[in-house]
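Here is how the chains run, residue by residue.
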Amino acid sequence: MTQQITTTSTSSHSPVSQTSRLIVDNDFEVAPVNDRLFGSFVEHLGRCVYDGIYEPGHPEADEDGFRKDVIELVRELGATTIRYPGGNFVSGYRWEDGVGPKGDRPRRLDLAWHSTETNQFGLHEMAKWLHKVSGNELMEAVNLGTRGLKNALDLLEYANIPGGTELSERRRANGADEPFGIRMWCLGNEMDGPWQTGHKNAEDYGKLAASVAAGMRMIDPDVELVVCGSSSHAMDTFGEWEETVLDKTYENVDFVSCHAYYHPELKADGTRDMASFLASGVDMDGFIKDVAAAIDATKARLKSRHDVFISFDEWNVWYLGEEPSRNPEGIGNWPVAPRLLEDVYSAVDAVVFGDLLITLLRNADRVHAASLAQLVNVIAPIMTETGGPAWRQTTFYPFSLTAKYAKGGTVLEPKLASGTYETAKYGEVPTINAVAVRGADGAVTVFVTNRSLEAANDFEIRLPEDHGTTVHAQTLHEDDLLAANTLDDQTRVTLHDNDTATLDPATGTIHVTLPPVSWTAVRVK
Ligand code: AHR
């Protein structure tokens, strides 16, 4: 039955026509939630760094030029590890350009985004900014596009050796007496992508990554290395790439990366395929399972005792290929910090985004790190106006609430019964996606999306015997699926208390109505 979405309130939405059930069982755990699952990504791209986190002269800028209003929002978002400085950008980056006196730093062409890089922000600024946010971890990427082993080793020596060598003393002279102590390192970025500067085939990349990994470990055996997996599940080389690259690097790396971006594709009739878009988590889940299988197969083939996990270090909704993502063009046109990839996220985008987070949590045994791409202005949960305010996009809310309640917790096995619906891209998919996380304090939070475009859902949660007594549910849902937060209306979309949530203390059963196209967090204390 197709029903109209008729109201704006989550307590009086369309009549319930579907049901689903989640059984929360404390005895069946998936894995502890690694804080690194709530990582994000800052690339030298568009206005992410410049006029994003760094805008000297802005009324909110501190003595280092960092916007304090942005720092506040990053703290509220709850982002942990920050991947830096790219992305495609890193494949042409010379890290030395970004250190030392700012007046001496060169301006360079950035081939990835057809922009000019001023290098006024570099490794030291990033480390300082992270310290100011809340001591967040830096995850650094090395350039394996235009560069290779030598420069990766130089950067590691510069960053992590306490002193006594030319490079480590240069760092100290540049103002960082203590080493940066960077643990996580990406061995290049999306090297399988033909768009990548210095793109390589799996064989060549695998050999290079293996030698860089071995060399880096000679300098610092404690580094955690991320080898490039596929830049999307749909790459022609997917599978074979993982197999070849892991075969060459397995013993010397700790993670293989996955990247995935989703958007509702345009159909022949000019409308968008929302049903498939809402099921993007199904593709992400399959991607993770496929990569996990490649890891297991390699481990078995090599008779290894070593474990490799997944770093899902780029994920988001991205209207890739559409107007906001079009690079500047022209031999004389290399702007500084142009407006690029400034997607404005809607309510439906936030629901899909929340669903992707649920999917990452459900796979917490294999995915030990993830980076929301990106953090500010560029396909980001936080937007800023140059010289003006900063505000939260719709996607900010599922991220911040999930981070708040899931960090430090344990994912429980999702025993979920739900109806299904048909999609053009993925066939028949579950209508409900959900996961339960038991917090360090024993409180249970269930994160759930209703992917149905038409029907509300009566969602039942059966709690374990020692359940709490109070329930609080918050939902992101808008009748206007395309409602968004903008400069002119910064709080149009936000979370609402979902007053339909009830808990029967005698049976430990919760019922909550999930509006169509909605994301909800149900917390029991
Ligand atoms: O996040 C935007 C871009 O997407 C990154 O630079 C690249 O790694 C990916 O293709």
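Residues numbered from 1 in each chain as written. Predicted model: local features only at pLDDT ≥ 70, side-chain atom pairs only at ≥ 80, totals over all residues. Heavy atoms only, no water.

**Observations concerning the overall build of the chain**
Selection rule: Secondary structure elements are taken from DSSP: a helix is a run of H or I of four residues or more, a strand is a run of E of two residues or more, and numbering for both begins at the N terminus. For the radius of gyration, the atoms used are the C-alpha atoms, and the globule rule reads 2.2 Å times the number of residues raised to 0.38. In this scheme, a residue with accessible area under 20% of its type's maximum is buried, one over 50% is exposed, and one in between is partly exposed, where area comes from a 1.4 Å probe on protein chains only. Every residue pair with non-hydrogen atoms within 4.5 Å of one another is taken to be in contact. For accessible areas, the Shrake-Rupley method is used with a probe of radius 1.4 Å. Any residue's cover is judged against the shown protein chains and nothing else. Only four residue types enter the tally: Lys and Arg on the positive side, Asp and Glu on the negative side; His and the chain ends are excluded. Think of each charge as sitting on NZ of Lys, CZ of Arg, CG of Asp or CD of Glu.
For the chain, the helix and strand inventory stands at 10 helices and 26 strands. Here the C-alpha atoms of the chain give a radius of gyration of 23 Å, agreeing with the 24 Å that 2.2 N^0.38 yields for 525 residues. Principal-axis analysis of the C-alpha atoms gives the chain an extent of 70 × 55 × 50 Å. Considering the chain as a whole, with its 525 residues, one finds that 61% of them fall into the buried category. Within the chain, residue pairs in contact and separated by at least 24 positions form 76% of the contacts whose partners lie at least 6 positions apart. Of the accessible surface of the chain, which amounts to about 19,600 Å², a share of 50% is contributed by carbon and sulfur atoms. Charge-centre separation for the chain: the mean point of 46 positive side chains lies 4 Å from the mean point of 78 negative side chains.

**Overview of the side chain of Glu342**
For clarity, the cut-off: Any N or O atom pair separated by 3.5 Å or less is treated as a polar contact, with the protein-specific requirement of one donor-capable and one acceptor-capable atom, and with residues adjacent in sequence counted only for side-chain atom pairs.
For Glu342, the position within the fold is in the loop between β11 (309-317) and α9 (347-362). Among the polar contacts made by the side chain of Glu342, one reaches the side chain of Arg47 at a distance of 2.7 Å. Residues contacting Glu342, with those up to four places away along its chain left out, are Arg47, Pro324, Asn377 and Met383.

**Details of the pattern of salt bridges**
Here is the rule we go by: Note on definitions: salt bridges are taken to be side-chain nitrogens of Lys or Arg within 4 Å of carboxyl oxygens of Asp or Glu.
Summed over the entire model, instances satisfying the criterion amount to 39 salt bridges. Between Lys132 and Asp64 there is a salt bridge whose closest N-O contact spans 2.5 Å. Linking Lys132 in helix α2 (residues 123-133) with Asp64 in the loop between β3 (39-41) and α1 (68-77), this pair joins segments that are 68 residues apart in sequence. With a shortest N-O distance of 2.7 Å, Arg75 and Glu72 are connected by a salt bridge. Of this pair, Arg75 and Glu72 both sit in helix α1, three residues apart, which is roughly one turn of the helix. One connected set of salt bridges, linked through shared partners, spans Asp62, Glu63, Asp64, Lys128 and Lys132.

**A few points about the packing of aromatic side chains**
Heads up, the rule is: Side-chain rings of Phe, Tyr and Trp (the six-membered ring for Trp) are treated as a pair once their centres are within 6.5 Å; stacked means planes under 30 degrees apart, edge-to-face means over 60, and tilted covers the remaining angles.
Taken as a whole and judged by the stated rule, the model has 16 aromatic pairs. Plain terms: the ring middles of Tyr54 and Phe121 are 5.5 Å apart, the flat faces sit at 65° to each other, and that makes the pair edge-to-face. In this pair, Tyr54 is assigned in the loop between β3 and α1 and Phe121 in the loop between β6 (115-117) and α2, connecting sequence segments 67 residues apart. Just as Tyr54 is buried, Phe121 falls in that class too.

**Things to note about the packing of helix α8 (residues 280-301) against α9**
Note the cut-off: In this analysis an axis means a line fitted to C-alpha atoms, helices contributing only their contacting stretch, and an angle means the value between N-to-C directions, from 0 to 180 degrees. In what follows, roughly perpendicular refers to angles from 65 to 115 degrees, roughly parallel to angles under 35, roughly antiparallel to angles over 145, and oblique to any angle outside these ranges. In this scheme the handedness of a crossing depends on how the near helix is turned from the far one: anticlockwise by less than a right angle means left-handed, clockwise means right-handed.
For the pair α8 and α9, the least separation of the axes is 9 Å and the interaxial angle reads 25°. By the criterion of interaxial angle, the relationship of α8 to α9 is roughly parallel. The handedness of the crossing between α8 and α9 comes out as right-handed. Contacts between α8 and α9 pair Ser280, Gly281, Met284, Asp285 and Ile288 from the former with Val352, Asp355, Leu356, Thr359 and Leu360 from the latter.

**Digging into the domain arrangement of the chain**
Heads up, the condition is: Domain start and stop points were drawn from an automatic or database domain assignment. Throughout, buried area stands for the accessible area (probe radius 1.4 Å) lost by two parts on being put together, summed over both. Think of it as three bins: nonpolar holds Ala, Val, Leu, Ile, Met, Phe, Trp, Tyr, Cys and Pro, charged holds Asp, Glu, Lys and Arg, and polar takes everything else, Gly as well.
Assigned domains within the chain: domain 1 (16-27 + 413-524) and domain 2 (34-261 + 293-316 + 361-407). The partner domain 2 presents 15 residues to the 22 residues of domain 1 that form the contact. Summing both sides of the interface, domain 1 and domain 2 together bury roughly 1,600 Å²; the carbon and sulfur share of this comes to 70%. At the boundary of domain 1 and domain 2, one finds zero salt bridges. Counting across the interface, domain 1 meets domain 2 through three residue pairs in polar contact (both at pLDDT 80 or more). Contributing elements (two or more residues each) for the side of domain 1 that touches domain 2: β19 (432-438), β20 (444-450), β22 (471-476) and β26 (518-524). Partitioning the side of domain 1 that touches domain 2 into residue classes produces 14 nonpolar, seven polar and one charged.

**Quick word on the layout of surface pockets**
Inclusion rule: A 1.4 Å probe that fits but cannot get out identifies a cavity on a 1 Å grid over protein atoms alone, an open set with protein on both sides within 12 Å along at least five of seven lines counts as a pocket, and a residue lines either if it has an atom within 4 Å of a point. Grid points are joined across faces, edges and corners, and a volume is the space filled by probe spheres set on the points.
What the largest pocket holds in volume is close to 720 Å³. As for the largest pocket, its lining consists of 39 residues, and the residues nearest its centre are Ser231, Ser232, Tyr261, Trp318 and Leu320. Those elements that provide at least two residues to the lining of the largest pocket are β10 (255-262), α7 (274-278) and α8. Among the elements that make up the lining of the largest pocket, the one with the highest residue count is β10 (four residues). Residue composition of the lining of the largest pocket, grouped by class: 17 nonpolar, 13 polar and nine charged. In this structure, the second largest pocket spans a volume of roughly 460 Å³. Forming the boundary of the second largest pocket are 20 residues, of which His124, Glu125, Ala127, Lys128 and Phe180 lie nearest the centre. With six residues, the single largest contributor to the lining of the second largest pocket is α2. When grouped by side-chain class, the residues that make up the lining of the second largest pocket number seven nonpolar, seven polar and six charged.

**What to know about the site of the ligand**
Note the cut-off: Proximity is defined per residue: any heavy atom of the residue falling within 4 Å of a molecule or strand makes that residue near it. Should more than half of a molecule's atoms lie within 2 Å of a pocket's or cavity's grid points, that molecule is taken to sit in it.
Around the ligand, a shell composed of Phe41, Glu43, Gly87, Asn88, Trp113, Asn189, Glu190, Tyr261, Glu314, Trp318, Gln374 and Ile379 is seen. Between the ligand and Glu190, the relevant distance is 2.7 Å, taken from an oxygen atom to a side-chain nitrogen or oxygen of the residue. A distance of 3.0 Å is found between an oxygen atom of the ligand and a side-chain nitrogen or oxygen belonging to Gln374. Coverage of the ligand by the protein amounts to 96% of the 280 Å² it exposes when considered alone. If you map the ligand onto the pockets, it falls in the largest pocket. Residue composition of the shell around the ligand, by class: five nonpolar, four polar and three charged.

**With respect to unusual backbone geometry**
In the segment running from Tyr84 into Pro85, the intervening peptide bond is cis, with an omega of 0°. Take Pro85: it is sitting in the loop between β4 (82-84) and β5 (108-110). With an omega of 15°, the peptide bond running from Gly86 to Gly87 counts as cis. For Gly87, the location among the structural elements is in the loop between β4 and β5. A positive phi is found at Ile379, a non-glycine position, where the angle reads about 35°. Positionally, Ile379 belongs in the loop between β12 (367-373) and β13 (382-384). On the basis of relative accessibility, which here comes to 1%, the residue Ile379 falls in the buried class.

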